[in-house]
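Breakdown of the fold
Below are the chains, spelled out letter by letter.
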Amino acid sequence: MTDVAGTPILEAPVAEGAKDQHMVLNMGPQHPATHGVLRLVLEIDGEIVVRLYPEIGYLHTGIEKTCEAKFYQQVVPLTDRVNYLDPLSNNLCYCLAVEKLLDLEIPEKAQWLRVLLTELSRLNSHLIWLGTHAMDIGALTVFLYTFREREEILRLLEAVAGQRMMTSYIRIGGLSMEPPIDFLARVQAFIKTLPEKIDEYSNLLTGNPIFRNRLKGVGYLSAADAIALGVTGPPLRASGVDIDLRRDMPYSSYEKFQFKVPVSTDGDTWARYLVRLDEMRESIKIIQQALDGMPEGAVKADAPKIVLPDREKMKTQMEALIHHFKIVTEGFNVPAGEVYQGIECGHGQVGYYVVSDGTAKPWRVHMRYPSFATLQALETMCKGGLLADVVAVIGSIDIVLGEIDR
Amino acid sequence: MGEANQATLSGKAEVLAGMPDHPAIVAILAWQPDALLDARFDRGELTLTVAPESIRDAAATVQAAGYNFFEDMTAVDWFPSAPRFQLSYHILSHRLLERIRLRVLLDEAGPAVESITPVWPGADYYEREVFDLFGIRFEGHPNLRRIMMPDEWQGHPLRKDYPVEGYR
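Definitions and cut-offs
Residues numbered from 1 in each chain as written. Chains lettered and ligands numbered in written order. Predicted model: local features only at pLDDT ≥ 70, side-chain atom pairs only at ≥ 80, totals over all residues. Heavy atoms only, no water. Pairing = 2+ DSSP bridges. Helix = DSSP H or I, 4+ residues; strand = E, 2+ residues; numbered from the N terminus. Axes fitted to C-alpha atoms, helices over the stretch in contact; angles between N-to-C directions. Patch = residues over 30% accessible without salt bridge, like charges linked within 9 Å, V, L, I, M, F, W, Y side chains within 5 Å. Areas by Shrake-Rupley, 256 points an atom, 1.4 Å probe, with all protein chains shown as cover. Salt bridge = Lys/Arg side-chain N within 4 Å of Asp/Glu carboxyl O. Phe/Tyr/Trp six-rings, centres within 6.5 Å; stacked < 30°, edge-to-face > 60°. Buried < 20%, exposed > 50% of the residue type's maximum accessible area, 1.4 Å probe, protein only. Lys NZ or Arg CZ within 6 Å of the ring centre and 35° of its normal. Contact = heavy atoms within 4.5 Å. Buried area = accessible area lost by both parts, 1.4 Å probe. Polar contact = N/O pair within 3.5 Å; in protein donor to acceptor, adjacent residues only side chain to side chain.

Some remarks on the sheet that holds strand S8 (residues 364-368) of chain A
All names here are of chain A. One open sheet accounts for three strands, arranged S6-S7-S8; its pairing is antiparallel. Single-partner strands in this sheet number two, and they are strand S6 (337-344) and S8. With direction set aside, neighbouring strand axes in the sheet form an average angle of 10 degrees. The pairing of S6 with strand S7 (residues 349-356) spans eight bridges and is antiparallel. Across the sheet, glutamate 338 pairs through a bridge with valine 355, a residue of S7.

Observations regarding a nonpolar patch on the surface
Where nonpolar side chains cluster on the molecular surface, the patch consists of A:Met318, A:Leu321 and A:Ile322 and spans about 270 Å² of accessible area. Relative to the helices and strands, A:Met318 resides in helix H13 (residues 318-330).

Remarks on the packing of aromatic side chains
The full count for this structure, using the stated rule, is 17 aromatic pairs over all chains. Centroid distance B:Phe70 to B:Tyr126: 5.5 Å. Interplanar angle 80 degrees. Geometry classified as edge-to-face. You can see B:Phe70 sitting in strand S4 (residues 69-77) and its partner B:Tyr126 sitting in helix H4 (residues 124-134), a full 56 residues away along the chain. The burial state of B:Phe70 is the same as that of B:Tyr126; both residues are buried. Grouped by ring-pair contacts, the aromatic residues A:Trp112, A:Tyr251, A:Tyr254, A:Phe257 and A:Phe259 constitute a single cluster. A cation over a ring is seen here: A:Arg276 above A:Trp129, with NZ or CZ 4.9 Å from the ring centre. One Lys or Arg, B:Lys160, reaches over the ring of A:Trp363 and ends 3.9 Å from the middle of that ring.

Looking at the interface of chain A and chain B
It is common to report an interface's size as the accessible area lost on association of the parts. Contacts between the two partners involve 57 residues from chain A and, on the opposite side, 56 residues from chain B. Among the residues chain A hides against chain B, the three largest losses belong to A:Lys65, A:Tyr340 and A:Trp363. Together they make up 15% of the total. At the junction of chain A and chain B, the tally comes to five salt bridges. For A:Arg406, the salt bridge is made with B:Glu129, and the minimal N-O distance between the two is 3.1 Å. Summed over the shared surface of chain A and chain B, the result is 25 residue pairs in polar contact (both at pLDDT 80 or more).

Structural notes on the pairing of S4(B)
Taken residue by residue, a regular strand's side chains alternate between the two faces of the sheet. Residues and elements named next belong to chain B. Among the nine residues in S4, nine count as buried, and that is most of the element. Relative to strand S5 (residues 85-93), S4 runs antiparallel, the two sharing eight bridges. Along S5, the bridge assignment pairs alanine 75 with leucine 87.

Rendered as structure tokens:
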């Protein structure tokens, strides 16, 4: 069988000699351990995976095409929906790219709040990963613990943005509004208790012999393979490549924060588990530094033709009302050019490639998302391993189908 | 923001004069000066336009020069301008902590270019995505099939002459 392009489609191998020992197994797209609508076609020899072929696109909504029909500021809510577990990182990456095109200076307080919020968002992403990963392995309890803390983070996001998941809080030119007065105190109260919660997860899992045996030595990925296949984020660092864009190519004043980048050289599922667990502890340190040194000032850039005015000003001042009307109805023109902005989100390196033709709508927005590239490495990790380990490996690369299919 | 304030260098001559020591430029000039058609340094990002037939060798050259990590690849449709298609390869160096953009311009009729999967296997899905959504073929790709759209789909949705809504 061939497709329209004339390339053969993977199908059950024709029985000839020893070959008929192999079985083709379909996993997904409605499989609970595939975290969405991922479909894997597996060729197995008994319990051993011989070949693995991911079939994606079930969630393709054409977000990049939609972006081309929207004003620049209208793209921000679309970015939330791509990686719905780490929404603020998406907002940040898109806004940084457009701000680079506009050459817009962002107030310091907005930059620090952006760091604080993306770290909260990263914790959110890692908590979901830990809960679901452990659940896939069979340790159901951890899920209940991590979602308790995740609920707290969602409440904090709701306090600033009015929305729990689709925040759209980071806007071009700063933030959508000042956070509530008690927000920083609430974050402080939350992160004060979080380190002991992480110890609690660690107590449930790290010493657990079943969990350890299911993860150790499973899904090995060498550093050379990881680089060749475009793997980024925790899986890359668990393979021994010490790169983190927050430290190495800092954005949004990350250069003012001190934190360690956890690295492991084991390259297996266990190493990826430990690296992410350590990253959560480092995120707490970054949030603490952001709380301690939070600068004073505005959260929006002084650019009335680009940044929406505050609600009160819009209702009381003529100038602000005119700017508000102009931005909402006509958008704002962005100088022609092309930029690529990369940041580090919970899953790995996100990149937004924005091409402007000088009008108020982007000519092209391309989103580079880590799971898309990491999925290519799944076959390398699973080949020669047991069928049951495929579930452990999928959990360890922390995929989000929304960002793969876009 | 600091990077963005650096002066813009447009055109091959200006970039070669302004940043003669840049490792990617040095490597490409040492390999084949004619393959570099144009260059631009804008908003802290270096764009090197290379001839379509030499993209695979150019990728191998910059890889040898320390740009070891293939980060992203996509296309831009400049319809109705000519040449219509632009391919943008974003390549990161883990050692130099710097990114470069390789650019290829393709004409409308039968756009095709050599696949860079022999250099970076990770380009596999990216090239399939561009093939699916833009209809640009990659010679030597191991499995050039649609990736997002159904296999029997007609047309390439990210082309500018493909409507955003309504009937095709």
